[in-house]
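If you want the building blocks of each chain, they are given just below.
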Amino acid sequence: MTTTATHAVPDWLKLRDGALKPGVRSETTFVLVGGQPLYKLEVRPAAGTFACAVSNTVNGKRLDDPAAAFPTADAALAGGLERLRTVLGW
């Protein structure tokens, strides 16, 4: 599906000592801040498109837009990261 190796860490995340780390499954990417995995992004197929589930790893709270759909898995990951940035106000 998608891998973190093909997706660059956004500047807004780098500014906050952030990084991306692939999960065990290829559809999962963790967002680390200060070395801690604080958010999980999961790219999922959705009726011929892709969605990205974004959740807080500490409390499990979902942060994604359930109506958001993307044409590719890479676009879904980028959209999930943008959603996270917006929710966090960064």
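Details of the structure are given in the entry above.
The rules behind the values
- Residues numbered from 1 in each chain as written.
- Predicted model: local features only at pLDDT ≥ 70, side-chain atom pairs only at ≥ 80, totals over all residues.
- Heavy atoms only, no water.
- Core = buried A, V, L, I, M, F, W, Y, C linked by side-chain atoms within 4.5 Å.
- Buried < 20%, exposed > 50% of the residue type's maximum accessible area, 1.4 Å probe, protein only.
- Helix = DSSP H or I, 4+ residues; strand = E, 2+ residues; numbered from the N terminus.
- Contact = heavy atoms within 4.5 Å.
- Pairing = 2+ DSSP bridges.
- Axes fitted to C-alpha atoms, helices over the stretch in contact; angles between N-to-C directions.
- Salt bridge = Lys/Arg side-chain N within 4 Å of Asp/Glu carboxyl O.

Moving on to the nonpolar core. Formed by 16 residues in total, the largest nonpolar core has its most connected members in V31, L41, L81 and L84. When contributions to this core are tallied by element, the ones reaching two or more residues are helix 1 (11-14), strand 2 (28-33), strand 3 (36-46), strand 4 (49-56) and helix 2 (73-88). Top element by residues in this core is helix 2. It accounts for five residues. Those residues in contact with L41, other than ones at most four positions away along the chain, are E27, T28, T29, V31, C52, A53, V54, L77, G80 and L81.

With that settled, the discussion passes to the sheet that holds strand 2. A sheet is described by the order of its strands in space; here four strands give the open sequence 1-2-3-4, paired in antiparallel fashion. Where the open sheet ends on each side, the last strands, each with one partner, are strand 1 (18-22) and strand 4. Neighbour to neighbour, the strand axes of the sheet diverge by 25° on average, direction disregarded.

Okay, the pattern of salt bridges next. In total, this model carries six salt bridges according to the counting rule given. We note a salt bridge from E42 to K40, for which the minimum N-O separation is 3.8 Å. The class of K40 is partly exposed, set by a relative accessible area of 25%. For R85, the salt bridge goes to E82, with nearest N and O atoms at 2.4 Å.

Keep in mind that these numbers describe shape and distance, not what the molecule does.
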